Amino acid sequence: MLTKRIIACLDVRDGRVVKGVQFVDIIDAGDPATQAARHARDGADEIVLLDITATHEGRSTLLDTVRRTAKELFVPFCVGGGIRTADDAAQVFDAGADKVSVNSAALKNPMLIDDIGRSFGAQAVVVAIDARRDPKAAHPVRDAEVFVQGGRKPTGRRVVEWAREAEQRGAGEILLTSMDSDGMRTGFDCELTAAVSEAVGIPVIASGGAGAVDHFVDVFGRGKADAALAASIFHFGISSARSLKEELARAGVSVRLPC
Amino acid sequence: MRVTVIDYKAGNLTSVLKTLHHLGAETIVTDGGLSLVEQAERIVLPGVGHFAATSRLDETGLTGAIRAAIAKGVPFLGICVGMQWLYAGSSEAPEQSGLRHFAEQCTHFAESAEKVPHVGWNSLEIRPDSKLLAGVEKGEFVYFTHSFKGPFTADTAATTFYIEPFAAAVERGNVMGTQFHPEKSGETGLKILTNFLKWTPEATKC
């Protein structure tokens, strides 16, 4: 049986793992290669490394980080942040990533999705969408808006519509982050996740808001997510993917165990 | 030990190479060096992407060289599209023929309410005499990402269920293939690749 994936996410800045709360406060949480290996050993089904380094000098640091992280990692490894061209993607693949995640650059130039997909296969392209509900809209979920630049800039595009376009252009997966929930540990935005998951035929990874096991049960059920991303829940030894999955299994969610 | 890895410019080879290195293998990558295939001790044909990309194997003459190596008994492992290529062809690119080592066709998953591609960790039902999957327990998980698949036949070494049962692995003598990605399948995947690296004709006889 196909299992629900628990994905460990490492936000990386200047070669160090950091964790932000609602995209703002930053806390140092260690070396990416060490953290990734630990998550894989602790049962994570996949590792996502999101580079939030803003500077140009950070690019070469990132490739070095990817190389070091990929070296001893034998589970799927996705890298995002700062990938603007198919050539940027090629460098990240060369360094050992299996997938790249594109966000702002794909909104600016949607052909980027087609380009990377053509060269490396749809399975290698994850389109990351930072979403915020529009509380003033008649349908806050249906009208949820896509934001870019680390959640700072609204695009005027609707989340569900952009997810559909990404799929048509050859994206292999959607990584949906609810900015309303991110870092709050109050649960995923299940309604928004379900709306996107029902609109596309490719897997949807839910992100933002994980703080308890019930939140995962909820997003795999009501939220119709195929995978869920957890960052803060794993840091500082609060929980491991394995213990999370054992509890999910007890709640009737199909997960990879033993792992 | 030395492994010749075939590059047909369909996606990246880094993951497969680094995993083979981790297991102590030396790798030689070729995108058309026929002599490298003729002298190969073991061959791995990775593959992510579209079945049409395998046309490059015909254009470069690698198809013939691989067929000859297989006939000589060189251990061969095809991964994902590399496994599908062992069949007669795939409905993903009907004009492109495969190696025809296995007579059947690969097809798209049947229409259903489930999502396609099939992405993620799914479990294996293993044929007990499989050498490739020796030591892998029933129900162990491996990582898949694909929309097309090979049918269940006498050459199927393991099946997986998604929408329908399909060939997760094939094996006939020295020719082996996995629909899943052993290089991305944690400890289980490393065990499977180790089995391939240790495979000898003698091991098959006993």
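Predicted model only: the values in this text are computed from it and were never measured.

What follows is about the overall build of chain B. When you go through chain B residue by residue, the secondary structure sums to 7 helices and 13 strands. Against the globule reference of 17 Å for 206 residues, chain B gives a C-alpha radius of gyration of 16 Å, in line with a compact fold. When the backbone C-alpha atoms are referred to their principal axes, chain B occupies close to 50 × 40 × 30 Å. A burial count over chain B gives 53% of its 206 residues as buried. In chain B, once contacts between residues fewer than 6 apart in sequence are set aside, the share between residues at least 24 apart is 66%.

In terms of helices and strands, chain A carries 9 helices and 12 strands. Over its C-alpha trace chain A gives a radius of gyration of 17 Å, about what one expects of a compact globule, namely 18 Å for 259 residues. Its C-alpha atoms give chain A principal-axis dimensions of about 45 × 40 × 35 Å. Taken over 259 residues, chain A has a buried fraction of 53%. Contacts in chain A between residues far apart in sequence, at least 24 positions, make up 63% of those at least 6 positions apart.

Residue-level contacts link 29 residues of chain B with 26 residues of chain A. Looking at the side of chain B that touches chain A, the elements that each hand over two or more residues are helix H1 (14-22), strand S7 (118-123), strand S9 (141-146), strand S11 (156-162) and helix H6 (186-198) of chain B. The dominant element in the side of chain B that touches chain A, judged by the number of residues it contributes, is S7(B), at 6 residues. Of the residues that constitute the side of chain B that touches chain A, the class distribution is 10 nonpolar, 15 polar and 4 charged.

Our next topic: the confidence of the model for chain B. Confidence in the prediction for chain B averages 95 pLDDT; 98% of positions are at 70 or higher. With pTM at 0.95, the complex prediction returns an ipTM value of 0.93.

Attention shifts here to the pairing of strand S11 (residues 204-207) of chain A. Residue and element names in this part refer to chain A. Burial of the side chains of S11 extends over both faces: Val 204 and Ala 206 are buried on one face and Ile 205 and Ser 207 on the other. One ladder, built from 4 bridges, connects strand S10 (residues 173-178) with S11; its direction is parallel. Bridge pairing links Leu 176 to Ala 206 in S11. Running through helix H7 (residues 190-199), the crossover from S10 to the neighbouring parallel element S11 is right-handed. Pairing between S11 and strand S12 (residues 227-230): 2 bridges, direction parallel. Bridge pairing in S12 places Ala 206 opposite Ala 228.

Time to look at the confidence of the model for chain A. Per-residue confidence for chain A gives a mean pLDDT of 90, with 92% of residues at or over 70. Of all secondary-structure elements in chain A, the lowest mean pLDDT belongs to strand S3 (residues 25-28) of chain A, at 64, while S11(A) reaches the highest, 98.

All names here are of chain B. Inspection of the secondary structure puts Lys 131 in the loop between strand S8 (125-126) and S9. Since 18 C-beta atoms lie within 10 Å of it, Lys 131 is described here as partly exposed. Between the C-alpha atom of Lys 131 and that of Glu 171, which follows or precedes it by 40 residues, the distance is 8.2 Å.

Attention shifts here to helix H1 (residues 32-41) of chain A. Residues and elements named next belong to chain A. Along H1, the positions that sit buried rather than exposed are Pro 32, Ala 33, Gln 35, Ala 36, His 39 and Ala 40. The arc enclosing the buried residues of H1, seen along the axis, measures out at 165 degrees, which places them on a common side. Positive phi appears at Gly 43, one or two residues downstream of H1, with a value of about 105 degrees.

To continue, consider the packing of helix H6 (residues 159-169) of chain A against H7(A). Residue and element names in this part refer to chain A. Following both chains from N to C, one finds H6 and H7 inclined at 35 degrees, their axes separated by 9 Å at the closest point. Crossing angle aside, the handedness with which H6 passes H7 is right-handed. Along its contact with H6, which presents Val 159, Val 160, Ala 163 and Arg 164, the element H7 presents Leu 192, Ala 195, Val 196 and Ala 199. Of the residues that constitute the contact of H6 with H7, the class distribution is 7 nonpolar, no polar and 1 charged.

Strand pairing in a sheet relies on backbone hydrogen bonds. The paired strands run either parallel or antiparallel. Residues and elements named next belong to chain B. With mixed pairing, the 3 strands of this open sheet are ordered in space as S5-S6-S10. The sheet is open, and its two borders are formed by strand S5 (89-90) and strand S10 (148-149), each paired with just one other strand. Here strand S6 (residues 105-108) runs beside S10; their pairing, made up of 2 bridges, is antiparallel. Residue pairing in the sheet places His 108 in a bridge with Phe 148 of S10.

Take the sheet that holds strand S2 (residues 26-30) of chain B next. Residue and element names in this part refer to chain B. Taken in spatial order, the 8 strands of this open sheet run S2-S1-S3-S4-S13-S12-S11-S8, and their pairing is mixed. Of all strands in the sheet, those with a lone pairing partner are S2 and S8, marking the two edges. Pairing between strand S3 (residues 43-45) and strand S4 (residues 76-79): 3 bridges, direction parallel. Residue pairing for S4: Val 44 is matched across the bridge by Leu 77.

Quick look at the pairing of strand S4 (residues 46-51) of chain A now. Residues and elements named next belong to chain A. Counting buried residues along S4, 6 of its 6 residues qualify, which places the element largely inside the surrounding structure. The pairing of strand S1 (residues 5-13) with S4 spans 6 bridges and is parallel. Residue pairing in the sheet places Val 12 in a bridge with Asp 51 of S4. With 4 bridges joining them, S4 and strand S5 (residues 77-80) adopt parallel strand pairing. Its bridge partner being in S5, Leu 49 is matched across the sheet by Val 79.

The rules we used
- Residues numbered from 1 in each chain as written.
- Chains lettered and ligands numbered in written order.
- Predicted model: local features only at pLDDT ≥ 70, side-chain atom pairs only at ≥ 80, totals over all residues.
- Helix = DSSP H or I, 4+ residues; strand = E, 2+ residues; numbered from the N terminus.
- Rg over C-alpha atoms; globule rule 2.2 N^0.38 Å.
- Buried ≥ 20, exposed ≤ 12 C-beta atoms within 10 Å, placed from the backbone.
- Contact = placed C-beta atoms within 7 Å.
- Nonpolar A, V, L, I, M, F, W, Y, C, P; charged D, E, K, R; others polar.
- pLDDT = per-residue confidence, 0-100.
- Pairing = 2+ DSSP bridges.
- Right-handed = clockwise from strand over helix to strand, strands pointing away.
- Arc of directions from axis to C-beta.
- Axes fitted to C-alpha atoms, helices over the stretch in contact; angles between N-to-C directions.
- Left-handed = near helix turned anticlockwise from the far one by under 90°.

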